[in-house]
Every structure is written in C-alpha cells, then in structure tokens.
Amino acid sequence: LCCVLYRWMDTLLTPCRRRLAFDIVVGGPPCVDYTLVNARRLGVDGVQGSYLLRMGEIIKRIRTFNKNEQRNLFFLAENAVLWNEKEKAFDAGDLETVLRAFGMTWHITLDSRDHTPLRRKRTYITNIPIVEDLKMIDPPPSLCFEDGYD
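This report concerns the structure included in the present document. (Residues numbered from 1 in each chain as written. Predicted model: local features only at pLDDT ≥ 70, side-chain atom pairs only at ≥ 80, totals over all residues. Heavy atoms only, no water.)

## What about a nonpolar patch on the surface?
Then comes step 1: A contiguous nonpolar surface patch, about 340 Å² in accessible area, is contributed by Ile 24, Val 26, Phe 74 and Ile 128.
Then comes step 2: For Val 26, a relative accessible area of 60% translates into the label exposed. (Patch = residues over 30% accessible without salt bridge, like charges linked within 9 Å, V, L, I, M, F, W, Y side chains within 5 Å. Areas by Shrake-Rupley, 256 points an atom, 1.4 Å probe, with all protein chains shown as cover. Salt bridge = Lys/Arg side-chain N within 4 Å of Asp/Glu carboxyl O. Buried < 20%, exposed > 50% of the residue type's maximum accessible area, 1.4 Å probe, protein only.)

Laid out in structure tokens, this is it:
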C-alpha cells in the first residue's frame, strides 16, 4: 500500500515538475480511524487514518514548490472531529500529529448542522482566510437527517 501511495503522490506532483502550480487543494480522506462511532479506531496509526497525514505531506510539498514559483496554495481538509473532551487522551496527540503534517498550528471544528443538512461535527484544517464571521444557518428539519444518525 505504501508503494502505491507514493507512486500516486509522485504522479500527483508531476505537474510541479512541469512548472504547473496548484492554486487550491480540497480533500476529505476517510474518517473511519478518527470517528467516535468506530470503537476500534486507530487514529493516525490506522491505514485510513494515515491518509490525512499523507494529504498534509502532499500539501507541504506543493506549498514548497509554489513558494519557489511565487504562487500561493490554498487548501482545505475535512475530517471527523480529531479531538474533543469526550475523546481518549491519545486522540489529542493525533490532532497535533495531523496539524504538524500540514505545517499548521490551528484548526476549526464546526457542527455541520449549522451549514448543511448533515448533523455532526467536523474538523477543518485550512489556510484559507476567513474574512467574515461564519453566519450560522439552521436548515429546515425536512432537510436534516434523523437524530442519532452519524
């Protein structure tokens, strides 16, 4: 799997070698190794949990390339809540590890129900400037999933 992932990463970075810069990258790797619903979650040590770290590594490599080309790269990564007061202590370390992989020191956690029909909290890691307060909306109940659905 690692060999396949690194071949894929190498292919993804081919445009960089051709002097074609990326402007924006958006992704949401699988959250199965981070979600509270999975009692056996492994966080960054899980196969799927490692994809978020790999995304961070790719972002850092593209940012380095773009900096040399005097171009910015904006990115947004979305996943399950990586840490909160209900989580086990090791999950706090997962958040720090993921932030380091992206070269970031902060994240934002939002409840998706304030912005979409989905009712669950999500972690966002981004360098996109937030220029206005996020206006919270309350979607009509007909658009929301049933309580308890995750």
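## Description of unusual backbone geometry
Then comes step 1: Although it is not a glycine, Gln 70 adopts a positive phi angle of roughly 55°.
Then comes step 2: Mapped onto the secondary structure, Gln 70 falls in the loop between helix 3 (47-68) and strand 2 (74-80).
Then comes step 3: Exposure remark for Gln 70: the relative accessible area of 76% places this residue in the exposed category. (Helix = DSSP H or I, 4+ residues; strand = E, 2+ residues; numbered from the N terminus.)

## Focus on the pairing of strand 2
Then comes step 1: Here 4 bridges tie strand 1 (residues 24-27) to strand 2, and the two strands are oriented parallel to one another. Residue pairing across strands places Ile 24 opposite Phe 74, the latter belonging to strand 2.
Then comes step 2: The β-α-β motif built from strand 1, the intervening helix 3 and the parallel element strand 2 has right-handed crossover chirality.
Then comes step 3: When strand 2 meets strand 4 (residues 121-126), the two strands line up antiparallel, connected through 5 bridges. Opposite Ala 80, over in strand 4, you have Arg 122 as the bridge partner. (Pairing = 2+ DSSP bridges. Right-handed = clockwise from strand over helix to strand, strands pointing away.)

## A look at helix 3
Then comes step 1: Relative to the 32 Å expected for 22 residues at 1.5 Å per residue, helix 3 spans 32 Å between its end C-alpha atoms, a close match to the ideal helical length.
Then comes step 2: If you check which residues of helix 3 are buried, you get Gly 49, Ser 50, Leu 52, Leu 53, Arg 54, Met 55, Gly 56, Ile 58, Ile 59, Ile 62, Phe 65 and Asn 66. (Expected span 1.5 Å × (residues − 1).)

## A closer look at the pattern of salt bridges
Proximity of charged atoms lets side chains of opposite charge pair with each other.
Then comes step 1: Applying the stated rule across the entire model yields 3 salt bridges.
Then comes step 2: Residue Arg 54 pairs with Glu 57 through a salt bridge whose shortest N-O separation is 2.9 Å. A residue pair is termed a helical-turn pair when its members lie 3 or 4 positions apart in one helix, as Arg 54 and Glu 57 do in helix 3 at 3 residues.
Then comes step 3: Classification of Arg 54 as buried rests on a relative accessible area of 18%.
Then comes step 4: A salt bridge links Glu 78 to Arg 122; its shortest N-O distance comes to 2.6 Å.

So yeah, pure geometry; function would need other evidence.
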